[in-house]
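# Fold and geometry: a report
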Amino acid sequence: MPVHAPRSFTVQWGSDSVLVSNVEPDLPVATGDADLAKVVAAGEANPVTLLPEAAWRAVARATTGPDGVAVQLRPTPEEPAGLLMVENVDGATLHSVVTRVYLSEVLPGIQPRTGMEVMEIPDPQVQGITDEDRPCAIVRYRFQDLAHLRNHVWQTIHGTLSLNSYAPSVLARKVTRNLITHPVEITFEDGTESFHALVVRDGITRLASAWAVQAGPDADAAEAAGLAVDSLFGKNSAVSPGPGSDPLGQRLAAGRERWRRALRKEFAQAMTAEEPGTRAAQIAQTYVLPAQIAVGAEGHPGHLLAAEDIFDDAIRSVLASVHVEFKQWDTAAQNVEVATRALKRVIQLGDSLVPKDDLQVVYGLAVGRIPVEEIPSVFATDGGTAPPGTALWRSVYLVHALTRPELLDPLKDQAKAIKGGRRMGLKGFAELLGPLIDLPWRSYKKHVTTQARNAWNNGGVLTSDVIQEWDPLPTDDFTSLVKPALLGDRDARCTLAVAGGVALIADKLLTRNVGSALMAAKEKGGVPFRADVNQVIEDLSQQHNELGLWTLALAANRFRSDALPENAVTMRQLIHKQKAEGEAGTPYVHFKVDLDEADQIERDADGVPVMLHQWDVVWASNPDRALKARPQKALFVPPQPEPRTGPAAGPAEAAGGVTGATGEGVTSETGDGESREAGSSTDPAPGPSQEVSLPASQRAAEHRYVLRQSVTGARDSLDRLLLLEPEVGSHTPIVPVTVLDELHKLLIGLQTDVENLRRKAAQEEAVTDGEEASEELEV
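This structure is a prediction, so every number in the text was calculated from the model and none was measured.

## Section: the nonpolar core
One finds Leu73 and Leu149 to be the most contacted residues of the largest nonpolar core, which totals 97 residues. Contacts of Leu149, omitting those with residues within four sequence positions, involve Phe143, Ile186, Phe188, Phe195 and Phe233. Counting 91 residues, the second-largest nonpolar core is a separate cluster that includes Val362, Ala366, Ala415 and Leu433.

See the structure below:
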């Protein structure tokens, strides 16, 4: 029979265009009775397989290649157990055939994750099957009735698609990984006839996604689940046998074959068109699925399980090895794979505006094929300055190359296709770059790698200017770029944004979701306001922001790829890892910027340089916003001001030492986030007489301020508790019930008092308005 080459074409899936690959020109035809008999005979003759004849018929009916299954099952002198796939798990050995099965011949099975959840439709009872005290590779599902079976399948498909769907990926390239399946005997408590079928134990999301593709781009999870149920069991909820009719299993199988026959006819008509449409792709990509069918189980000598439990326990062991015990790739490894494969695809397609030779250089830089030392020779320009051979300059040129407008969109498209998603925003693309950028210093800064990659997930250094047209300006001193940046040089500003931004992220001076520590001290990672990482870097690199540009330049200058700065290392790590002075890898320090100093480094009263914190970085990005939005510490006991001694006492002192703009006061934090102690040894001790010396209205204003800040602080604390709850997990409550009960009583009392004050104020306002109206009438 001639072999026809598969076709590839583009179809519309919702609002996206999807390239559908490897579409076969014909679909498999129905398996004949003679082919079914081959599988049954080969299975019964194999010494390691043990299934009822009805189960073998279900296997043969489901497969598209009965001859291949028979060959795998057939014993030979060299292989007495045939060519079956062998898996050794705890207490048993599983034997499986590898083949392709029809989508409409497999049902979603039961997984441990669903068995532990409260479901609307309960799982069926499961019982193992034996033959002369030998375990059979089959289990028995006992449903209440046929409606219970239909509802259970609907619930599984619907619930799976509600959580996750690979529909675009399945449409593009079919299901590519084998489903782990095995036969089941489905029985019913109400006396309905039993029948045999195949169920999927691993790969239910892939199975449900195939039904989602079959349902179409506009179908929701409920419609896809409904299509699956109707295709598997017919549209009628009850299948009543007629006089002299076939058993239930055969009637259901005949209905599924009629459904497939209609699909084959529809597909044949669609493929006659010059350019097949979406419907042809839907049918072709989901008509059959790859599967691994367990057909034999042998218990190991000395196993503790009963024979009827061996097979089901072995299947659960396989599932555990996939989902629990097997160490999957972490997110960073997946991002590297996606990013480099996307870049390789762009090179192979050859439709990019960037020359292939340049793309090969970028690829070599991304995967580490081009060492850092060769950067000066690779990126040297005629008559221009060659960049230094440092890891930081590697990151500058790599970010610049991968974010050019002519390359950014093709890379995002290919990465989106590889991941099987519908869209990829700038943050999603930045997430792919994180593990490429940190390649040279990954081992030296491993203690903060997680925080750095989280910062890339939050936008990294991809500001609105960086993704536009600009060129890096090579230099040995990044501070030399500050002056041209202040004059509006885009190249200088973007070079500082990328170099300084990478340095701040790598050294844990800029982290994801910087607002999560709004109320924390600056020494513990606190920040004055919330902002995405790329927005902070964009604000730091603005032309008018001299403080921000110097912060970026000094961070880039002091950056080292072979160590962590003291800013990012906790005291515990410093004590744990004592190093001799001058030893390679000794921690270095980033310092805070002071524009009034000659070297731009701030110093304390003793002349010691002040260490840079994330608070200072975020503050420098937008000082005006920081002055307005900087959180205050909740003052539960109002500070006692000093008595007014003369005209020098300003409004801040009259209000209890709390200012409105900078918040600098007796016990609050200063504008740069540092706390100041109230008074000194020479100050008079505050007393009740000082508070009484203030007018009652001024004291009331102070207490209103404290009340509002206390409530705001409680709101922020509750928000942080909710953010921490997923990390804490269920092993311990994020807040004990006793504490919640106490808080609830306090809040109810506070709400009642606030409401009473509100009503009283509203009544007084209404009375005042009424008196004014009366006076106007009298006039």
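## Some thoughts on the packing of aromatic side chains
Tallied over the entire structure, the rule returns 10 aromatic pairs. Here the aromatic rings of Trp441 and Phe559 are separated by 5.1 Å at their centres, their planes lie at 75°, and the arrangement is edge-to-face. Taken together, the residues Trp441 in the loop between α17 (426–437) and α18 (449–457) and Phe559 in the loop between α22 (546–558) and α23 (571–576) connect sequence positions 118 residues apart. The class for Trp441 is buried, based on a relative accessible area of 4%. A residue is classified by how much of its surface remains accessible, and Phe559, at 10% relative accessible area, is buried. Put simply, the rings of Tyr141, Phe143, Phe188 and Phe195 touch in pairs and so form one group of aromatic residues. Note that Arg260 overlies the ring of Tyr102, its terminal NZ or CZ placed 4.4 Å from the centroid.

## What about the packing of helix α8 (residues 221–233) against helix α9 (residues 248–271)?
If you want to describe how two helices pack, look at the angle between their axes and the distance between the axes. Put simply, α8 and α9 touch, their axes get as near as 7 Å, and they point 120° apart. Between α8 and α9, the angle is such that the two are oblique. Facing α8, whose interface residues are Ser231, Leu232 and Phe233, α9 presents Leu252, Arg256 and Trp259. For the contact of α8 with α9, the per-class residue count stands at four nonpolar, one polar and one charged.

## Digging into helix α15 (residues 391–402)
With 12 residues, α15 should cover 16 Å at 1.5 Å per step; its first-to-last C-alpha distance of 16 Å lies within 8% of that length. The buried fraction of α15 is high, at 12 of 12 residues. Within α15, the full set of buried residues consists of Ala391, Leu392, Trp393, Arg394, Ser395, Val396, Tyr397, Leu398, Val399, His400, Ala401 and Leu402.

## Focus: the confidence of the model for the protein
Any segment with low pLDDT has predicted coordinates that should not be analysed in fine detail. Of all residues in the protein, 79% have pLDDT values of 70 or greater, and the mean over the chain is 80. The low-confidence segment residues 631–692 (pLDDT under 50) makes 92 contacts with residues lying over four places distant or belonging to another chain. Across residues 771–779, confidence stays below pLDDT 50; counting only partners more than four residues off in sequence or on other chains, it has zero contacts.

## Observations concerning the pattern of salt bridges
For the structure shown, the criterion picks out 26 salt bridges. Ionic pairing is found between Lys38 and Asp35, a salt bridge with its closest N-O pair at 3.8 Å. Pair noted here: Lys38 and Asp35 are both in helix α1 (residues 33–45), with a separation of three residues, about one helical turn. Take Lys38: its relative accessible area is 40%, and that puts it in the partly exposed class. Close ionic contact of Arg264 with Glu257 constitutes a salt bridge, the shortest N to O distance being 2.9 Å. With respect to class, Arg264 is no different from Glu257; both count as buried. A single salt-bridge network, built from bridges that share partners, covers Arg61, Glu105, Arg256, Glu257, Arg260 and Arg264.

## A closer look at a nonpolar patch on the surface
Together, Leu707, Val711, Val739, Leu740, Leu743, Leu746, Leu747, Leu750 and Val754 make up a nonpolar patch on the protein surface, roughly 750 Å² of accessible area in all. By residue number, the principal contributor to the nonpolar patch is helix α29 (residues 737–778), which donates seven residues. Judged by relative accessible area, Val711 falls into the partly exposed class, the value being 43%.

## Let's talk about empty space enclosed by the protein
Per the counting criterion, the structure on display carries six cavities of 30 Å³ or more. There is about 110 Å³ of room inside the largest cavity. In terms of lining residues, the largest cavity is bounded by 14 residues, among which Asp438, Trp441, Ala452, Trp456 and Ala506 are the most central. Where the lining of the largest cavity is concerned, the elements lending two or more residues are α17, α18 and α20 (490–506). When grouped by side-chain class, the residues that make up the lining of the largest cavity number eight nonpolar, two polar and four charged. Taken as a whole, the second largest cavity encloses approximately 90 Å³ of empty space. Around the second largest cavity, the lining residues are Ala339, Thr340, Ala342, Leu343, Ala366, Leu402, Leu411, Ala415, Phe429, Leu432, Leu433 and Leu436. Counting residues per element, the ones that place at least two in the lining of the second largest cavity are α12 (331–349), α16 (405–419) and α17.

## Observations concerning the environment of Gly299
Tracing the backbone shows Gly299 in strand β10 (residues 288–299). Distance from Gly299 to Pro135, taken between C-alpha atoms, is 7.5 Å for residues 164 residues apart in sequence. Once you skip the residues sitting within four places of it in the chain, Gly299 turns out to touch Gly91, Ala92, Pro135 and Ile310.

## Focus on the environment of Ala391
As for its position among the elements, Ala391 is in helix α15. Classification of Ala391 as buried rests on a relative accessible area of 7%. With 18 residues separating them along the chain, Ala391 and Glu373 place their C-alpha atoms 8.8 Å apart. Apart from residues lying up to four places away in sequence, Ala391 is in contact with Val372, Pro440, Trp441 and Ser561.

## Points about the pairing of strand β7 (residues 134–143)
Extensive coverage of β7 is indicated by the burial of seven of its 10 residues. Relative to β7, strand β6 (residues 125–131) runs antiparallel, the two being bridged by six bridges. Paired with Gln127 across the strands is Arg140, a residue of β7. Linkage of β6 to β7, two consecutive antiparallel strands, is achieved through a turn of two residues, within which Glu132 is found at a positive phi near 55°. As paired strands, β7 and strand β8 (residues 179–188) are joined by five bridges and run parallel to one another. What sits directly across from Phe143, in β8, is Phe188.

## Some remarks on unusual backbone geometry
Phi at Asp133 is positive, roughly 65°, even though this residue is not glycine. You can see Asp133 is positioned in the loop between β6 and β7. Among the residues examined, Asp133 registers a relative accessible area of 63% and is labelled exposed. Of note, Lys508 is a non-glycine position whose phi angle comes to about 60°, a positive value. The topology assignment puts Lys508 in the loop between α20 and α21 (533–540).

Rules behind the numbers
- Residues numbered from 1 in each chain as written.
- Predicted model: local features only at pLDDT ≥ 70, side-chain atom pairs only at ≥ 80, totals over all residues.
- Heavy atoms only, no water.
- Core = buried A, V, L, I, M, F, W, Y, C linked by side-chain atoms within 4.5 Å.
- Buried < 20%, exposed > 50% of the residue type's maximum accessible area, 1.4 Å probe, protein only.
- Contact = heavy atoms within 4.5 Å.
- Phe/Tyr/Trp six-rings, centres within 6.5 Å; stacked < 30°, edge-to-face > 60°.
- Helix = DSSP H or I, 4+ residues; strand = E, 2+ residues; numbered from the N terminus.
- Lys NZ or Arg CZ within 6 Å of the ring centre and 35° of its normal.
- Axes fitted to C-alpha atoms, helices over the stretch in contact; angles between N-to-C directions.
- Parallel < 35°, antiparallel > 145°, perpendicular 65-115°, else oblique.
- Nonpolar A, V, L, I, M, F, W, Y, C, P; charged D, E, K, R; others polar.
- Expected span 1.5 Å × (residues − 1).
- pLDDT = per-residue confidence, 0-100.
- Salt bridge = Lys/Arg side-chain N within 4 Å of Asp/Glu carboxyl O.
- Patch = residues over 30% accessible without salt bridge, like charges linked within 9 Å, V, L, I, M, F, W, Y side chains within 5 Å.
- Areas by Shrake-Rupley, 256 points an atom, 1.4 Å probe, with all protein chains shown as cover.
- 1 Å grid on protein atoms, 1.4 Å probe; cavity = no way out; pocket = protein on both sides within 12 Å on 5 of 7 lines; lining within 4 Å.
- Points joined across faces, edges and corners; volume = space filled by probe spheres on them.
- Pairing = 2+ DSSP bridges.

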